[in-house]
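Residues per chain are reported as follows:
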Amino acid sequence: MAKRITICAGIDTGKHKLDVALDGSSEQLQVKNTAEGHQELVEWLKRHKVKRVGIEASGGYEQAAVAELRRKRFVVVLFQPAQVRAYATFLLQWAKNDKIDAALIAACTAAVKKIHSAPDPRLQPFAEHLTMIDQIQEDIAKLKNRLESCRNERIQKLWKEQIALLAKHKRAEFKALVAAIRKHRDLAARLDLIYSVGGSGLPTAVAILVRMPEIGQITREQAAALAGLAPYDDDSGDRVGARHIDGGRERLRRALYTAARPASFRWNPQLMALYSRLIAAGKGHKRALVACARKLLVIINAVVARGTPWLAEPSKAAGLPAT
């Protein structure tokens, strides 16, 4: 019986152009990173009977091409640059240019064993909007740092006016984002479930909804890993290293960590008990907060999977665990 082979392509993304290669073939293509170029790309891929396309994340320059490919029913694998470079190291391939990278991404795409389903396309514009809000907050923090070291009253006034203006824009943009989310009944229901968990304020709930589309459909271990809150072993031979977190979605992790402190001191009895237990066991403040952030995400994941709001003291008769 003939073995069925999935034909794979790889795309190296640039600001103005896309370099494309087929796995196991010398066939290559270069098109402009525009709507017209994307149409030419789709036709070329169909002509070569490509089913799976790998593309490297490149500061957002890949997003329009990814959206178009998914609209045309291609299976798209989005790689982080570190994944592609690690695969090149594995192959002992040191040369690097756009055409070589496209061929490398094609080979990497063919080697992928597990294909994740495409995220909800409705969340992409929400993610861009949320990132803009996060960037406004980062600008506010920079201005506050300048204000602390400034002794000139006129300049202090200028910084304070800028901070107030940015804070006003941030509130308005966040309100608009929440309103846009609530136009979708299913997303609004999921947001309310996340928000019901003690310690998950509305900004945290929005961050989880937008930045973790998989919430409620994955295991607790997978959720922690995606957020970069999973503790990893660091052992070798007789040495037992300290467990540490690594990787994951940075902005999501930051939102959870920020929420963990008030949640662990005031809003969530489960996290308050966990924090106290870890501190009593000699764990440091930061390590305890990381554990609480992970626990908060685990609780939220269970609440969304269950489809019922969180209760601080769940009824024993209900027979449903809180995590």
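Our subject is the structure that appears above.
Anyway, here's the lowdown on the structure attached to this text. (Residues numbered from 1 in each chain as written. Predicted model: local features only at pLDDT ≥ 70, side-chain atom pairs only at ≥ 80, totals over all residues. Heavy atoms only, no water.)

**Topic: the environment of R151**
Part 1: With respect to the element layout, R151 can be found in the loop between α5 (123–149) and α6 (153–181).
Part 2: Of the residues examined, R151 reaches a relative accessible area of 68% and is grouped as exposed.
Part 3: A polar side-chain atom of R151 sits 3.0 Å from the main-chain carbonyl oxygen of E148. (Helix = DSSP H or I, 4+ residues; strand = E, 2+ residues; numbered from the N terminus. Buried < 20%, exposed > 50% of the residue type's maximum accessible area, 1.4 Å probe, protein only. Polar contact = N/O pair within 3.5 Å; in protein donor to acceptor, adjacent residues only side chain to side chain.)

**Some remarks on the side chain of T13**
Part 1: Mapped onto the elements, T13 comes out in strand β1 (residues 8–13).
Part 2: A polar contact of 3.5 Å, which involves the side chain of T13, links it to the backbone oxygen of E56.
Part 3: If sequence neighbours within four positions are ignored, T13 has contacts with L18, N33, I55, E56, S58, Y61 and E62. (Contact = heavy atoms within 4.5 Å.)

**So, the pattern of salt bridges**
Where charged atoms from two side chains of opposite charge come close, those side chains can pair.
Part 1: The tally for this structure, following the rule as stated, stands at 14 salt bridges.
Part 2: Note that K72 is salt-bridged to E68, the shortest N-O span being 4.0 Å.
Part 3: Classification of K72 by relative accessible area gives partly exposed; the value is 34%.
Part 4: The exposure class of E68 is buried, given its relative accessible area of 14%.
Part 5: Ionic pairing is found between D192 and R182, a salt bridge with its closest N-O pair at 2.8 Å. With a gap of 10 residues between them, D192 in helix α7 (residues 185–195) and R182 in the loop between α6 and α7 connect regions that are remote in the sequence.
Part 6: By relative accessible area, which is 37% here, D192 ends up partly exposed.
Part 7: Note on R182: relative accessible area 36%, which makes it partly exposed.
Part 8: Taken together, the salt bridges that share partners define one network made up of D134, E138, R211, E250, R251 and R254. (Salt bridge = Lys/Arg side-chain N within 4 Å of Asp/Glu carboxyl O.)

Everything listed here is a matter of geometry and, on its own, says nothing about what the molecule does.
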